[in-house]
Amino acid sequence: MAAKSKSKGSSVPNCFGYPLSIFFIVINEFCERFSYYGMRAVLVLYFKYFLRWDDNLSTAIYHTFVALCYLTPILGALIADSWLGKFKTIVSLSIVYTIGQAVMAISSINDMTDQNRDGNPDNIAVHIALSVTGLILIALGTGGIKPCVSAFGGDQFEEHQEKQRSRFFSIFYLSINAGSLISTVITPILRAQECGIHSRQQCYPLAFGVPAALMAVSLIVFIAGSGMYKKVQPQGNIMVRVCKCIGFAIKNRFRHRSKEYPKREHWLDWASEKYDKRLIAQTKMVLKVLFLYIPLPMFWALFDQQGSRWTLQATTMDGDFGALQIQPDQMQTVNPILIIIMVPVVDAVIYPLIQKCKINFTPLRKITVGMFLAGLAFIAAALVQVQIDKTLPVFPAAGQAQIRIINLGNSNANVTFLPDLQNVTVLPMESTNYRIFETSQLKSVIINFGSENRSESIDSTSSNTHTVTIKNAATGIVSSLRSDNFTSKPEEGKNLIRFVNNLPQTVNITMGDTDFGILEETSISNYTLFSGGRTDDIVIVADSTNCTVTSEALGYGGAYTIIINECSEDVTQLRYIEDIQPNTVHMAWQIPQYFLLTCGEVVFSVTGLEFSYSQAPSNMKSVLQAGWLLTVAFGNIIVLIVAGASKLSEQWAEYVLFAALLFAVCIIFAVMAYFYTYIDPNEVEAQLDEEEKKKQIKQDPDLYGKESEADSRM
């Protein structure tokens, strides 16, 4: 009674007609969503670039983590409804969540095991163990509190505050999207910063540390409002009752499988010996909807690849948007931005237009269209991938070697590759493309300038990629051989840069803060990594003169050889050669696939939840919510199965495979939807109420007569 009088009295703090406690809950949700989505935005790149996992393993672990995050809500709901209550469950699991985020931040500290200070962790197993521990704790935390926070917020309202409760859920959903959008913009920027004690690396500790701090703030804010909350005691979990009812029906049916027992209208009717008719009828309605959920995980299998495959795809693209340099993991922000735009557009424009065309666009048809649009999004992703693949360099396979010749002289050079006997003429101040040979067919090169010749031996045992510089100097033919030592395209949009000295004297070269050292005539420096898209001052120090020039603005993800042809006080002449083509497919080409996927999400996800709630009994909403979350979990498990079993070498082919699977599932769902009969749970429950009332009249007609007499007097 005390709680009841307090909720109606003036002692409960109110703000604009809302319980003040809900503002603590909304802030808590914003901070928690910032923490989760901020960490998740950079996760796949952390796997790839820090833990040095390949694309497939990074994708597999990412989707395992997401699946776990959507499996644990059932555990959280059971704990809250059957044991601790919502408040204690949120506090307890938020502590676990905060610890997990802190462990992730610690796991990404490069200097923790970098004893030799070379910029690479010496004991990667320690970082992997900490990362896995942190992710498990985060999955338990975020999944465990997921079904509790919104329901706890709804508990704060009285029955007469339905309007305020409805607005609260709108504000609550807005806080989720705001936290997701802001964090997905900020954490990739934090990741792109360089930090470290002994060496400067991408700042994953900051990218994970800020979400950890926000989760701590979320916990503190939630606890701060403790004295204002209306805390409902746990009253048992309806999911447990439903599962027990189903289990008993199956067991009872198995016991009475003999033909001597008459068949019952529905297999759940075999639970009638133990459970009341109302629970059985409600369970039938729920199972009818859950049956429709079976094909839905395929949609989520595609949708959640935004954070894995699509982010990895963006790492091979050009993110230069003029004044902005977009990080690959920031492209995920396109989805929440489009959600904010598309939800009102679809509700206020698209659906009314469809109605005017007299098309019966039922909820199940909307879901079917959403799945179809997601499939189209992956077709678009495949087309983008085909264009990206055209720009990727071809590296020698096992048993092969590649070589390029750079002619620094002022006359034609004739080069013969032995023992293959292939010939190529290299024009003055030009270079060949990389030429690929079988290792056994590339032992040396013979260089001819007119009547002069010179031989250069090739050793492909230590490296299979070589560059030879040649020049017809006054003293004869000068040549220099350098092993290029790259086997893949530079990652994270960085560039590989090296220098060739074409001056008749020794020089010392510095670019930015990097010293390339002393280069003799025709000598080639080692490659050094630089951030993409930037310009740096190149300082050339020679015996007789010094010169400084600003480099060209290079692209992203390329490899460049810069040849120094002239250096004087007045003139500095440099020549740039692309050894590996930079990323030339712009990230903006990902926007169509994000647009299609977001449109699919709007008509699939929003409609799916709305349909589920409209078809479920009033006390079974949580069961369907758990079922909906499980479809997301199983969708991520599908990614693991399909990606692991397909063994496709081409990424575009994997995109097409996922699209084809979704199109097939879409057809199956359309058939299921065609035979589905919509029901009104309120009517069913009203009929049950009427039947129970008639049953009570039969059992005690005198009591019903007294109630009728009392009603007439009123």
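Residues numbered from 1 in each chain as written. Predicted model: local features only at pLDDT ≥ 70, side-chain atom pairs only at ≥ 80, totals over all residues. Heavy atoms only, no water.

As annotated in an unreviewed UniProt entry, the protein carries the name Solute carrier family 15 member 1 and is attributed to Meleagris gallopavo. Per UniProt, the protein carries the Subunit (unreviewed entry) text "Interacts (via extracellular domain region) with trypsin." In UniProt, the protein has this text filed under Sequence similarities (unreviewed entry): "Belongs to the major facilitator superfamily. Proton-dependent oligopeptide transporter (POT/PTR) (TC 2.A.17) family." (UniProt positions renumbered as here; feature names shortened; annotations may be inferred.)

> In this structure, what is going on with the overall build of the protein? I would like to understand it.
Of the regular secondary structure elements, the protein holds 19 helices and 22 strands. Over its C-alpha trace the protein gives a radius of gyration of 33 Å, far above what one expects of a compact globule, namely 27 Å for 714 residues. Split into buried and exposed, the 714 residues of the protein put 49% on the buried side. Counted over contacts in the protein with a minimum sequence separation of 6, partners at least 24 positions apart contribute 72%. For the protein, the exposed surface amounts to about 33600 Å²; the carbon and sulfur share of it is 59%. On the protein, the mean spot of the 57 positive side-chain charges and the mean spot of the 63 negative ones are 14 Å from each other. (Helix = DSSP H or I, 4+ residues; strand = E, 2+ residues; numbered from the N terminus. Rg over C-alpha atoms; globule rule 2.2 N^0.38 Å. Buried < 20%, exposed > 50% of the residue type's maximum accessible area, 1.4 Å probe, protein only. Contact = heavy atoms within 4.5 Å. Areas by Shrake-Rupley, 256 points an atom, 1.4 Å probe, with all protein chains shown as cover. Lys, Arg positive; Asp, Glu negative; His and termini not counted. Charge placed at Lys NZ, Arg CZ, Asp CG, Glu CD.)

> Mind showing me how you'd approach helix H15 (residues 591-614) here?
Given 3.6 residues per helical turn, the α-helix brings residues three or four places apart onto the same face. For H15, built from 24 residues, the straight-helix expectation of 34 Å at 1.5 Å per residue is met to within 8% by its first-to-last C-alpha distance of 34 Å. The largest bend in H15 amounts to roughly 25° and is located at glutamate 601. (Expected span 1.5 Å × (residues − 1). Bend = angle between axes of the 7 residues up to and from the residue.)

> What is the right way to look at the state of the cysteines in this model?
Simply put, the disulfide is a covalent bond whose two ends are the sulfur atoms of two cysteines. Summed over all chains, the structure comprises two disulfides. Each disulfide pairs two cysteine sulfurs, and for cysteine 195 the partner residue is cysteine 203, the sulfurs being separated by 2.0 Å. Here the disulfide of cysteine 195 and cysteine 203 is right-handed, its torsion about the S-S bond being about 105°. Note on cysteine 195: relative accessible area 22%, which makes it partly exposed. Counting its disulfide-bonded cysteines in sequence order, the protein shows a connectivity of 1-2, 3-4. (Disulfide = S-S within 2.5 Å.)

> What is the right way to look at the packing of helix H2 (residues 21-41) against helix H6 (residues 124-155) in this model?
The description of two helices packed together rests on the angle between their axes and the distance between the axes. The geometry of H2 relative to H6 is characterised by a closest axis approach of 11 Å and an angle of 150° between their N-to-C directions. Classified by the angle between their axes, H2 and H6 sit roughly antiparallel to one another. Of the two possible hands of crossing, H2 and H6 adopt the one that is left-handed. Here Ile22, Ile25, Asn28, Glu29, Glu32, Arg33, Tyr36 and Met39 of H2 come into contact with H6, specifically with Leu135, Ile138, Thr142, Ile145, Lys146, Val149, Phe152 and Gly153. Of the residues belonging to the contact of H2 with H6, the class tally is nine nonpolar, three polar and four charged. (Axes fitted to C-alpha atoms, helices over the stretch in contact; angles between N-to-C directions. Parallel < 35°, antiparallel > 145°, perpendicular 65-115°, else oblique. Left-handed = near helix turned anticlockwise from the far one by under 90°. Nonpolar A, V, L, I, M, F, W, Y, C, P; charged D, E, K, R; others polar.)

> What is the right way to look at the sheet that holds strand E14 (residues 476-483) in this model?
Paired through backbone hydrogen bonds, the strands of a sheet run either parallel or antiparallel to each other. Spatially, four strands are ordered E10-E7-E13-E14 in an open sheet, and the strand pairing comes out mixed. Each end of this open sheet is capped by a strand with a single partner; those strands are strand E10 (435-438) and E14. Neighbouring strand axes in the sheet, compared pairwise and without regard to direction, differ in orientation by 25° on average. Alignment of strand E13 (residues 465-473) against E14, held across eight bridges, turns out to be antiparallel. Bridged to asparagine 472 within E14 is isoleucine 477. (Pairing = 2+ DSSP bridges.)

> Looking at this structure, how should I read the side chain of serine 58?
Residue placement: serine 58 occurs in helix H4 (residues 55-84). With near-sequence residues (within four places) excluded, serine 58 lies in contact with Val44, Phe47, Lys48 and Trp53.

> Got a minute to help me understand the nonpolar core in this structure?
In globular proteins that are soluble, nonpolar side chains generally tend to be buried together. Core analysis: the largest hydrophobic core is formed by 117 residues, its most contacted members being Leu43, Phe65, Phe208 and Met371. It is helix H14 (residues 363-391) that provides the largest number of residues to this core, a total of 10 residues. Two domains each put at least three residues into this core: domain 1 (20-236) and domain 2 (276-391 + 585-695). Ignoring anything within four residues of it in the chain, the contact list for phenylalanine 65 reads Tyr36, Met39, Leu43, Leu135, Ile138 and Ala139. By size, the runner-up hydrophobic cluster in this structure holds 19 residues, among which are Leu503, Ala542, Cys547 and Leu574. (Core = buried A, V, L, I, M, F, W, Y, C linked by side-chain atoms within 4.5 Å. Domains from an automatic or database assignment.)

> Can you walk me through the domain arrangement of the protein in this structure?
Where the parts come together, the accessible area they lose is often given as the size of the interface. As assigned here, the protein comprises domain 1 (20-236), domain 2 (276-391 + 585-695) and domain 3 (400-580). Domain 1 and domain 3 are separated by 49 Å when their C-alpha centres are compared.

> Would you take a moment to explain the packing of aromatic side chains for this structure?
By convention here, two paired aromatic rings are described through the distance between centres and the angle between planes. Summed over the entire model, instances satisfying the criterion amount to 41 aromatic pairs. Grouping aromatic residues by their ring pairs yields a cluster made of Tyr46, Phe47, Phe50, Trp53, Tyr204 and Phe208. Positioned over the ring face of phenylalanine 87 is lysine 231, at 4.1 Å from the centre of the ring. The ring of phenylalanine 254 has arginine 257 lying over it, and the distance from NZ or CZ to the ring centre is 4.1 Å. (Phe/Tyr/Trp six-rings, centres within 6.5 Å; stacked < 30°, edge-to-face > 60°. Lys NZ or Arg CZ within 6 Å of the ring centre and 35° of its normal.)

> What's the story with the confidence of the model for the protein in this structure? I'm lost.
As a note on interpretation, predicted positions should not be read in detail where pLDDT is low. For the protein, per-residue confidence averages 86 on the pLDDT scale, and residues scoring 70 or more make up 95% of the total. Highest mean pLDDT in the protein belongs to helix H11 (residues 297-303) (95); lowest belongs to helix H1 (residues 2-8) (39). Taken as a whole, residues 1-10 scores under 50 in pLDDT and shows five contacts with residues more than four places along the chain or in a different chain. Contacts for the low-pLDDT stretch residues 710-714, under 50 throughout, to residues beyond four places or in other chains number zero contacts. (pLDDT = per-residue confidence, 0-100.)

> Any chance you could explain unusual backbone geometry here in plain terms?
Glycine aside, residues mostly have negative phi, and peptide bonds are mostly found in the trans state. Cis geometry is found at the peptide bond from leucine 418 to proline 419, where omega equals 5°. Positionally, proline 419 belongs in strand E8 (residues 413-419). In the Ramachandran plot, methionine 429 falls in the positive-phi region, its phi being about 60° despite a non-glycine side chain. Relative to the elements of secondary structure, methionine 429 occurs in the loop between strand E9 (422-426) and E10.

> It is not clear to me how the environment of valine 549 should be interpreted in this structure. Could you clarify?
Looking at the element boundaries, valine 549 is found in strand E20 (residues 546-550). For the pair valine 549 and arginine 165, spaced 384 residues apart in sequence, the C-alpha separation works out to 65 Å. Setting aside its immediate chain neighbours within four residues, valine 549 contacts Asp536, Asp537, Ile538, Thr572 and Leu574.

> What exactly am I supposed to notice about a positive patch on the surface here?
A grouping of Lys244, Lys251, Arg255 and Lys274 is seen on the molecular surface, where their side chains present a positively charged patch. Among the structural elements, arginine 255 can be located in helix H9 (residues 238-255). (Patch = residues over 30% accessible without salt bridge, like charges linked within 9 Å, V, L, I, M, F, W, Y side chains within 5 Å. Salt bridge = Lys/Arg side-chain N within 4 Å of Asp/Glu carboxyl O.)

> Can you help me understand the environment of threonine 561 in this one?
Locating threonine 561 in the fold gives a position in strand E21 (residues 559-567). Of note is the side chain of threonine 561, whose polar atom sits 2.8 Å from the side chain of arginine 498. Of the polar contacts made by the side chain of threonine 561, one reaches the side chain of aspartate 579; its length is 2.5 Å. (Polar contact = N/O pair within 3.5 Å; in protein donor to acceptor, adjacent residues only side chain to side chain.)

> What's the story with the sheet that holds strand E18 (residues 528-530) in this structure? I'm lost.
Across the sheet, four strands lie side by side as E18-E15-E21-E22; this open sheet has mixed pairing. The open sheet terminates on both sides in strands that have one partner only, identified here as E18 and strand E22 (572-580). Strand-to-strand, the axes of this sheet are offset by a mean angle of 35°, without reference to chain direction. Sheet analysis places strand E15 (residues 495-501) next to E21, joined by six bridges and oriented parallel. Looking across to E21, one finds that valine 500 is bridged to isoleucine 563.

> Explanation requested: the side chain of aspartate 329 in the structure shown.
Looking at the secondary structure, you find aspartate 329 in the loop between strand E6 (324-325) and helix H13 (334-356). In this structure aspartate 329 comes out as buried when scored by relative accessible area, which is 0%. With near-sequence residues (within four places) excluded, aspartate 329 lies in contact with Ala41, Val42, Leu45, Thr184, Pro188, Arg191 and Thr311.

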